[in-house]
Amino acid sequence: MAKKALVKLSNQNLSFENDRGQNLKLLNINPNSMNLDVAIYEKNLFIKNSTIAFAHIPKKLKAKIKPLC
């Protein structure tokens, strides 16, 4: 099975708010591990970059991202 490269999502401006009130902007997805690189903002202030699992995002975003992988 061939490995796929990272798929850039930052140009699509996809984001969501988590249960802690933080806004997470999607940057990249790794189709091999289905992990997402995200930028975390709190009150419009950048906090940090992090990695989360694909399963932790809302269904509406999953539907937009899945065809890209």
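Residues numbered from 1 in each chain as written. Predicted model: local features only at pLDDT ≥ 70, side-chain atom pairs only at ≥ 80, totals over all residues. Heavy atoms only, no water.

Per an unreviewed UniProt entry, the protein chain is named Malate dehydrogenase, and its organism is Malaciobacter canalis.

Caption draft 1: Examining the nonpolar core more closely. L26, L36, I57 and I65 are the most contacted members of the largest nonpolar core, which totals 15 residues. Among the secondary structure elements, those contributing two or more residues to this core are β3 (23–30), β4 (35–42) and α1 (59–65). Setting aside chain neighbours within four positions, we find I57 in contact with F16, L36, I52, K62 and I65. (Core = buried A, V, L, I, M, F, W, Y, C linked by side-chain atoms within 4.5 Å. Buried < 20%, exposed > 50% of the residue type's maximum accessible area, 1.4 Å probe, protein only. Helix = DSSP H or I, 4+ residues; strand = E, 2+ residues; numbered from the N terminus. Contact = heavy atoms within 4.5 Å.)

Caption draft 2: Highlighting the side chain of N18. If you trace the backbone, N18 turns up in the loop between β2 (15–17) and β3. You can call N18 buried: its relative accessible area is 18%. Side-chain polar atoms of N18 contact the backbone nitrogen of Q22, separated by 2.9 Å. (Polar contact = N/O pair within 3.5 Å; in protein donor to acceptor, adjacent residues only side chain to side chain.)

Caption draft 3: Geometry of the pairing of β4. Where β3 meets β4, 7 bridges bridge the pair, whose relative direction is antiparallel. Paired with N30 across the bridge in β4 is N35. In textbook terms, the turn of a hairpin is the stretch between consecutive antiparallel strands, and for β3 and β4 this stretch comprises 4 residues, one of which, M34, has a positive phi near 55°. Summarising the sheet, β4 and strand β5 (residues 45–53) pair through 8 bridges and their orientation is antiparallel. Bridged to L36 within β5 is I52. The turn linking β4 back onto β5 is made up of 2 residues, and K43 within it adopts a positive phi angle of 55°. (Pairing = 2+ DSSP bridges.)

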